[in-house]
Structure formats: structure tokens, C-alpha cells
Amino acid sequence: MFKFICNRLLQAIPVLIIIITMTFFMARLAPGGPFTQERNVSPEILEAMNEQYGLNDPWMVQYVRYLGSLLKGDLGPSFSSPGRTVNEIIADKIPVSLELGLLALTFALLVGIPVGLLAAVMKNSPADYIPMTGAMIGICLPTFVLGPLLALTFGIWLGWFNVSGWFSPSDRILPAITLALPYAAYIARLTRGGMLEILSQDYIRTARAKGVPEWKVVMKHAIKGGITPVVSYLGPAFAGLLAGSFVVETIFVIPGLGRAFVESALNRDYTLVMGTVIFYAVLLLIMNLLVDIVQVLLNPKLKFEEA
Amino acid sequence: MRKTILPAFLLSFVFVFLAGCGKSERPVDVAAREGILLFGNGSEPQGLDPHMVTGVPENHIISALLEGLITYHPTDDNLPEPGMAERWDPNEDYSQWTFIIRDDAVWNNGDPVLASDFVYSWQRMLSPLFGAKYADMLYVILNGEQFHKGQIENFDRVGVKAINDKTLQVTLVGPTPHFPNMLKHYSWFPVHPGTVEKFGGMNEMTSRWTLEEYVGNGPFNMAEWAPNQVIRVVKSDTYWDRDRVQLNEIHFRPVSNANTEEAMFRNGELHLTNTLPPSQIAIYQQRNPEVLRIDPYLGTYYYRFNMDRPPLDNIKVRKALAMAIDKEQIVENITRGGQIPATGYTPPGMTNYEPLDMAHFNPERAKELLAEAGFPNGEGFPEMEILFNTQETHRAIAEAIQNMWKTTLGIDVTLLNQEWKVYIPSQQNQDYDISRSAWIGDYMDPITFLSMWTTGNGNNNTGWSNPTYDNLISAIKQEGDPEKRTALLHKAEEILMEDLPIAPIYWYTRIFLKDPRVQGWDPKLLDNHPYKYVSFSQEG
Amino acid sequence: MSFKPTEHSQVEVAPELIHQVEDAHSLWDDALHRLKKNPAAMAGLYFFIFIILFSFVGPVFTPFSAEYQELPLANTGPMATILWEQRTNAEGEVTKEDFAAFNIVVGRQQRTGGSFDADAFLARLKAGEAVTLGDRSYTLSDRKYLLGTDRNGRDLLTRIMKGGQISLMVGFLATLVSIVIGVVYGSVSGYVGGKTDAVMMRIVDILYAMPFTIFVILLMVFFGREIWLMFMAIGAVAWLTMARIVRGQVVSVKKQEFIEAAVALGQKHGKIIFRHVIPNVLGPVIVYSTLTIPSVILFESFLSFLGLGVQPPDASWGVLIKEGAESMTVYPWQLLYPAILFSLTLLAMNFLGDGLRDALDPKTTK
């Protein structure tokens, strides 16, 4: 296992370099720049600004310089918030996103897996149809509908929560649920699908034939294999929860990473784009590594060399 | 017995929890009592250095922290209100101005505000190495443009001089009767030279002084800046007019989503919103007219024609297109916020300048003109595209205009929406046929609208060039007599509306929600509300 | 398409062609038979057929075209009363006439004229009278919009139908692209394993981390606004998770005896992948596909934001839902109807997908 992890970490280096390189040049290829604005800026001013941020140099020079400072852990100055560094901006937002993401993930798993299990065991019964219909509606209901609906119900009508901000602990509840519900629905569907696959396998039938109680069959034998698709899904899902919460953050006015992710691209804040992409990539690589480890642990037939 | 106790216990726990969450007193009530204004401020400010920024949300915050020589009047943007300057005097033809800075004007670190602070600040604005985006506002100062473009290196030759500690003399390129109105804009605000020097000097673009040590001279001091959360400013006890300031704090909340803002207002989390979604306006008019505010605003919504793309170079085609737009339908049914169908380019509300009454909806004449231009019933009209940046209202208006041109003129245009930073270069490189645009005035004078249409101006972007117009604008800049000047302005705008490189659609309004307790928030064309006049009435 | 190790060895022993045909024939028959016995799946199938007809044939039967605008009737409610308004000048000449929504007229009267009896007004109109209010006179129009109108006064029903055409196409084509790429890629990666697997999966990681907004903007810069770009842009992201899931499944499937048996029998790897591996991962694939379709359809509205995808005045379901959400507290029907149709369609596809999955899997016998 140690060797496997080392190996994967080594693989991560070229992956990151490719991601950094591609993002660096893609961002600069896109029309508009960090200083593009409606009120025309005279060429002299633009020149002065580009000069100070080193944007007048050839791209290759900028690229090498960027890699150099990156090695020192410096992600550079942000273009859209003058004076702030990208390190500072991301460090500010990570705790918020982490908290929101973990809350949402916990909620999604706590709801999704039991519902999926129940639906699989009680296949083609109301206990299957009703939650699965609910899950499907959860998937169809986009966050930009769900968020305002929850805010309207629990904020304005019932008066239980604030509809914005990230100040008190109760401010966490609505955004976390909004973010979690579609994921919960996905997880429920995937759990059900995975469980059905396993429940029809021979070894499960054998276990049943031997008179092992059904709950034990499900919880002890089937679940390990049954949640494989869920586990595969969780890697990208968690990265998505952390970085892809743009809509939720906008609706509930939360200072998280999701907005930095989208807005940096829209603002052409090159350094912040790079910073968020690198953060996301590292997170994704770690999550996928964890997922692959868990997959081996769940499936004793697998060995680490193959995962 | 036991079986019933447990659920009952759990249930009561749930109720206690829910009751704990329920708010008996809303944030706005608490804040109003404590003199804290909760203000929805649109998007997160990109910075708070008055010499760097360009946006409206930034302006709202900076005007609490800093004060220029002349400041905004509480009720009428046409009137100058003494700020740092106690009094001021122009020379005979308004080309040289002397400002006397008040004795009790101090920075919040105790330093006095000096005439030399303004010289320093304006040098910073014009410094070619600094790159202030509003530097051209200061081109009105003698040799300001030359210094900014590097043609003059000695700032002493620029027309701004500190005669003594408290006397500032400004020499302008020409007669400028509206100079006091220009001075209200934040690009003319002073910064504290010592602090700016401490954080890397005049030309440091990434200076952290606004983040770490905001030394201001305004009615409020910076207390906290939590990005994307809140900016908190508290009442200053060094501000010269501190006795007038009634608010203790202002919390600027960056809320970019209009629907969220409306929900926050309804949930008692804001006293003031930045805007209101068009769909909500009718509802508020009907149910809560006391919190809805629709104020006139110094802005024009219009369509640009690319004059370099035939047949748009044909004046008859442009006229036909402009005349076929039923502006009344647009403001009544799409924007629905009391916007005024624009009959000229410069919006109403400026003293001594009546807006033009030229551009009208006239479908019959539009059809004739199009036929005269060689496209009877739109036959043979090439495929054209309307460019707009992605936004609900722009899309709705573009779809309506597309339909009007189709039904009235029989021509088909397609719609093209682009994300902001793609749309701006398309417009600036004139890579479009017809493009949605808007202009918001920087100060109270028609020239802020009209000077952009001169040949080759960076904000023209239509390819329109009219020597008569260019000459008129130059003449206006040299005219010292206010009445003659107004006449020239009118003449220039008439040429613009005759040639129609643009089709004006409507004049803006500011639509927002306001807690009835908030007092002293008067309708202002430039949307500047001096906070020192704002207070809460407790009964509301 | 059978997976039991014993059957596989039979297949391999017997002459291939005949068995393939027979196998396929009987399997599909069985599958169809099983499908027909599943009421939820059949209901899904029928609804799905209905929604295709609704979207593609429906617009022929609606009284309005999707582009037809009547601005004064913007945001008119479903089946709302509509009036005909005539303005007259002092001389009694009609200067302007147009449609007017009943509730807007009433609202205006109540705001300006204090108490205004809307019921009496309606009663008089219904009696066929022309009612004069100030300088305007009203008569009842027989026009009705079944599902109301949108913010430009267009018939919502027709727009939902037209939107369905686009969204169904986008949903299916993009999902299909993602299935084909994802399944093949994931299977090969998982089956081959080793270095190939590592490289292939790291490529997926790279694509995952790419800033998508910029990617789409660049696509448009270099290729214009072609419709196929939209599928490409969606397909480019949708297949990644699919590939990961498939690979995860394949890695565990390939450890099973029948695959090892096929390898031992000397079958070609390509054949093993397509004949034995892929059929065994179809369950999760179908499940994940039914999850991909809705997200793809909604995702398309984000592409519209960037300027790719459907261009106005056309609107997809994603765009209609997004627009409806903006004004959902005021004009709920603009969100409700497209959202209901969208959800029902996906629910139907979901049940159909589940049914198919069960039907294709011979082990699930009751």
C-alpha cells in the first residue's frame, strides 16, 4: 500500500505540470484580459498596468517566472483584488468551503446510502418507488431553484434562519442542505443500482440459501461490493462539493471557493484562475487516490498494484 | 409508558430548537436601534483605493471613508456642497480655481489635510507609471494630459499648486464652469501621502494600504473588510462635520444576486437593497409601495450601430431601425421600472440642459426609410446580429427588438450573447453589427455623455466621425459663458441624434427597496447619498 | 449477453456465428418480455413516447408560434382573462389599440382610482359590454394562453414544446457521447491495467481539473458558435465521471472466474472487453446515464450563458427553467410547467432505464 501511494504521488507531478501549463496558456488565449472594462482605458494606462504586472513579457517568460514563484509556494498577486495575493484569497476561503463541503457530504451520505439500500432491498415496492421518485426530483431540481425555495420556506415564511451570510452556526444549515440534496439523490440512485447488481450475485444467493438473515446479507456481504459505484463517484463529488458550489454561494452570500473559481475565470484574473485550478487539481488527485484505496479495502480480491 | 415518553421528549427538544432558531427580533430592528445601516451593495468591491477603482459599489464605500474638496449635496446633485474645501472661487472665465481647505479638516490619524495632499493625490492619478483608470478625468487640468502621457516629466508644470498649507490653486485647460461638479467624483479624492508612501509609494499598484491601514478623511473609518461577506465602517470622531453624522456604523453587504437581495430585505437582513428584479416591481407597487423606491438615474440604455458595416453606414437604414423600436413597449412591459423612453442621448435632470425630443417611435416612417434605402419590406437586407452581454433583461429587450424589426420592417436579425469579458473586446474592436450599450454619467454635465462621440474616442466604438461635431465639442471645452455653452451642447447632441450612430432606448431609473425608517436617502441622479445626512426614525 | 461462466464456456466451444445470432435473438426476446411485465418501465416508455410527440409534433397544434410576441401580454397567467384595449383622444378617434391583461388593467385602476370593483368590471365585460375607464375602453378578448406567457408575451406551451426538441436532443446526444467514450475508455483502462491504466486515468484527472469556463470560451473563439461544439463541450466533461465509474466496476469484474476462463481459452482482449466486460458493467452505466441526462440538460443553460448552446429567441428546457427561477415567486407558472415536464420526462426515463437494466440482466428473475 505504501508503494502504491508513493507511486500515485509521483504520477501526480506530471499531471499537475500538464494542468498548470494548459491552464496558464488557455487563460491567456481567451479574449479579454484582467483590465478589460466597459469604460475604455487608454493604451498608455493599459501599458502601465501590464508593465507592473509583467503581462507585457512574452508568454514563455511569464510562464517560467510563474513556475519559479510557484516552486516557492507563491501563487502571485490577484488582478481583480489589487493588493491581495492569491495565497491569501484561497487561504481565506478554504475553511468556509471545507466546512460547507463536509457538512453537505455528510448529509448526502447519511441520506443517500440508507435510502438507496432500502430501495434496493425493497425493490419494486413503494419503499423503492417513492424515495427513488424523490431522488429523481432532487436531481431535476437545480440548485438555483432549490436554494431560493428553501430560503423562502425556512427563512421568510417560518423565520427560522437568515437567508444570507456565513456568520452564525445556523447560517450553515440551508446552504449545506441545498448543496447536499442533489448529491444525496445521486448517491441514493447509485447505491440502489450497485446493490441490485450485487444482490443477484451467486455468493449472495448462497448466503441466503444458508439461512443468513436478510439484514445480515445486506449489511455484511452485499454492501461492500454494492457501494463500489458510489465510492467511484465520491472522489469527483467531494472535489465538486468544495469547488463547484458557485450557485449556492451566490444565493446564500457565502465567501467560499466556488465563487472564486467561476468569477476568476470570468474576470480573467489569471493568477487566481491558476490558484483555484491548482487547488482543485490537488484536491481531486488526493480524493481519487483515497477512493482507489477504499476500493481495494472493500474488495479483497483486488490488490494495490491493480487499483 | 416509556414508549410515549421518548418521542415526546424528542419532540419537545425539536420545538425548543426551532424556537431558538426563530427570530423574535429581526437584524434590521436591532441594527436600526443601534444606528447601524445594513446596505446591500451589489458585487464585492474590486478595491477601495479611490484612484484605482471604477465601479458603483466601490463608490458607495469610498464616499463613506474619504471626502474630496467638494462633496455631494444631500438632495440635489446639481449643487456643490463644501467638503474639505471651506470655500472656492473661480476666476472670470472659470479656468482657474482657488480652494481654501478648512482648518479642522484632518485625517483620521490626526494629520491635518493639506493642500499638498491634493497635489500629491492628483499627481498619483496622473502618474504614467500608476495607471489610474479614471486618469482622463484629470485631463481638464492644464498639462495634466501631457504629464500623464509622459510628454512632460516635471509635475510642477501641471496646473495644480499648493499656495500654502490650506490654499490650493488649480489651473485648467479652458473655461470649466462645471468644475465643482467634476470634483465630487472619487477620482479627485485625496489619499494620505504618508500612508501611501509607507506601503510602496505613489506608483505601487498592488499597495496594501487600503487593506492594512485605511487612513481616511471621511465621516466613517474602515473597521472590517471580510471579502464577499461584509465591509464594516464606523463613525469617525475626527471628521470635521462629525456632529452631523448620526449613523454609528454602516455594513456593506456584497450581494450580487438580485433575488437573494430581495429575500434578504423581506427577511429583515437589509435596510437598503442595491436593486430589485423587474418581475418584483409590480408586486411591490401593489403590496408594499412604502418600501419601493424608483429614482431617476443619470444613465442611458442604447444600441450602437457599427458604421463600418454596410448597410449600417446608410443613415436611412439606421433611422429606420431606430424608429422601428417601440421604446414605450419596452419600458412598460420588460423593464417596468418607470424608465423613460429616450428621445435623445443625454438623460434629463441636469439644470440648464433640457434633453432633446427627437428620437421617436414611428413605424410608418421607418418602413418608408427602409424602402428608400433600397430594402422595401426588408427584401435583400443582409443578415445582421445584435450583440449583448448575457443578462436576463438585455436578452428580453433584444428579443423584443428582434421581433419589432421583423414585424415592422420585415428584416431578420439574429441574437448573439457573449460573456462580459468577451463582449467588451468585441465592442471595442468594433467586431459587431449592432450592440447593446449603456452609459452612466460620471458627473452632472452633459459633456460626460457627449464628449465620447468625437472621432476616434476610445468610448465611441461605432466608427462614427463627424468633423462638425468634433469642432463643437472642442468649442464647448473653450466656452466660458454657461448659456452659450448649453446652446453648443444642444447643437452637438442634435447632430448626434440626426446622424444616429446609436439608437437611444431608455433613460435609467434606480429601483431599490428601502426600510421606511431610513431617513435622508433622497433621490439622487448620480445615486450618491451622503451618509452624514442619513438617520433612522425609530417609529417607522 | 449472458454472464455465467458455464454458459460462456459453451459459447466458446460451439461455432460462434450461429450462437451469437441465436443468443442475441432469444436474449432480446426475453428482455422485451421481461420489460413488458414491468408496469413502471412501460409507463415510462409510454410517457417518453408521448413527450417526444409533444415536443416534435405538438407545436403544429398550438395556436401560437414559439416566436410570436405580444409584449402587453407579458407574464400573463395560465388561462388568464385577456382584454382588448382602445385608447381614444378628445375627438373620440382611436389612437392606439392593443391587448391588455385583465389583472394589469385592474391593478392600474386600483392604484390610481382607489377602490375599483374588479368583479363588476369582469361581469360587464363578460356580458359583452365595452367598458370605458378614463380614456381607454375595454372589450373581452377570446384569447387564452393555456400555460400562460413568458416575459416577452410568448406562449409558454409552445416554447416548452420547442424547448423539448432541443433539450431532448442535447440530453440524448451528449449522454450518448459520454456513454460511448466513457464506457470504452473506462473498460479499456480497467481491463488492461498497469501503466496504460495509470496514464489513462491521469488523463481523466487532467481533464477534470481544466477550467471549463475558459475551455468553452476558447472553443467559441476558435470554432465560432457551431452547434456541434455544444455537444463537444458537454460530452467533454460528462464522460469523465462515467469513465471512472466504469473503470472501478471493470477492475472488480475482471477478477471474476468467467473472464479468467475467457482469457484462458485464448480469446482476443478486444472481444473480451466488448463481449464480457462491458455487458457486466451496463447496470451502473444505465443508472449513471439516467443521472447524466438531467444534469446535461440543465448544464446546457450554463453554455447559453457563455454564448454557446441555444441562442435566443429559442429556448431549451434548461434556459426556460433558469428564466422561470428568476421570477418564480411572482410568475410561478414560468418555472412550474417547464420544471414539471422536465421532471416527468426524466422520471419516465429513469423507470425505463431501471426496467431495461433488469430486463437485460437474466439473473434478476422473480
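It should be emphasised that the depicted structure is a prediction, and the values quoted were computed from it without experimental measurement.

Looking at the interface of chain C and chain A
Thought 1: Counting from both sides, the interface comprises 44 residues of chain C and, opposite them, 51 residues of chain A.
Thought 2: Among the secondary structure elements, those contributing two or more residues to the side of chain C that touches chain A are helix H8 (194-209), helix H9 (212-223), helix H10 (227-253), helix H12 (269-306), helix H13 (317-326) and helix H14 (332-360) of chain C.
Thought 3: With seven residues, the top contributor of residues to the side of chain C that touches chain A is H10(C).
Thought 4: Along the lines of polarity and charge, the residues of the side of chain C that touches chain A split into 26 nonpolar, eleven polar and seven charged.

Brief notes about the domain arrangement of chain B
Many analyses report the size of an interface as the accessible area lost when the parts associate.
Residue and element names in this part refer to chain B.
Thought 1: Segmentation of chain B into domains returns domain 1 (1-65 + 218-273 + 514-540), domain 2 (67-212) and domain 3 (295-510).
Thought 2: Centre-to-centre separation of domain 1 and domain 3, based on C-alpha positions: 38 Å.
Thought 3: Taken together, the five residues of domain 1 in the interface contact seven residues of domain 3.
Thought 4: Tallied by class, residues from the side of domain 1 that touches domain 3 come to three nonpolar, no polar and two charged.

As for the packing of helix H3 (residues 39-56) of chain C against helix H7 (residues 156-192) of chain C
Residues and elements named next belong to chain C.
Thought 1: Two numbers describe how H3 lies on H7: the axes approach to 7 Å, and their chain directions differ by 120°. By the angle between their axes, H3 is oblique relative to H7. Between H3 and H7 lies a crossing of left-handed hand. Between H3 and H7, the residues in contact are Ile51, Ile52, Phe54, Ser55 and Phe56 and Met161, Gly164, Gln165 and Leu168, respectively.
Thought 2: Of the residues belonging to the contact of H3 with H7, the class tally is six nonpolar, three polar and no charged.

A short note on unusual backbone geometry
Thought 1: Residue B:Pro311 is bonded to the preceding B:Pro310 through a cis peptide linkage, with omega at 5°.
Thought 2: Topologically, B:Pro311 is positioned in the loop between strand E11 (292-305) and helix H11 (315-323).
Thought 3: The backbone of B:Asn352 shows a phi angle near 70°, a positive value even though the residue is not glycine.
Thought 4: One can find B:Asn352 in the loop between strand E12 (340-341) and helix H13 (363-372).
Thought 5: In this model, C:Met79 sits at a positive phi of 60°, which is unusual for a non-glycine residue.

A short note on the interface of chain B and chain C
Thought 1: With 27 residues of chain B at the interface, the matching set in chain C holds 20 residues.
Thought 2: Going through the elements one at a time, helix H10 (278-287), helix H12 (327-335), helix H14 (392-409) and strand E14 (413-418) of chain B are the ones with two or more residues in the side of chain B that touches chain C.
Thought 3: Looking at the side of chain B that touches chain C element by element, the count peaks at eight residues for H14(B).
Thought 4: Here the side of chain B that touches chain C is composed, by residue class, of ten nonpolar, 13 polar and four charged.

A short note on H14(C)
Thought 1: Look at H14(C): 41 Å from first C-alpha to last across 29 residues, which is about the 42 Å you get at 1.5 Å a residue.
Thought 2: Of all 29 residues in H14(C), 23 are buried, a share of seventy percent or more.

Points about the sheet that holds strand E8 (residues 220-226) of chain B
All names here are of chain B.
Thought 1: Taken together, the four strands give an open sheet; going across it, the order is E1-E10-E9-E8, and neighbouring strands pair in mixed fashion. Because the sheet does not close on itself, it has two edges, and the strands there are strand E1 (36-40) and E8. Adjacent strand axes in the sheet meet at a mean angle of 20° when their direction is disregarded.
Thought 2: Judged from the six bridges that link them, E8 and strand E9 (residues 230-235) form a sheet pairing that is antiparallel. Paired with Asn221 across the strands is Val234, a residue of E9.

What counts and what doesn't
Residues numbered from 1 in each chain as written. Chains lettered and ligands numbered in written order. Predicted model: local features only at pLDDT ≥ 70, side-chain atom pairs only at ≥ 80, totals over all residues. Contact = placed C-beta atoms within 7 Å. Helix = DSSP H or I, 4+ residues; strand = E, 2+ residues; numbered from the N terminus. Nonpolar A, V, L, I, M, F, W, Y, C, P; charged D, E, K, R; others polar. Domains from an automatic or database assignment. Axes fitted to C-alpha atoms, helices over the stretch in contact; angles between N-to-C directions. Parallel < 35°, antiparallel > 145°, perpendicular 65-115°, else oblique. Left-handed = near helix turned anticlockwise from the far one by under 90°. Expected span 1.5 Å × (residues − 1). Buried ≥ 20, exposed ≤ 12 C-beta atoms within 10 Å, placed from the backbone. Pairing = 2+ DSSP bridges.

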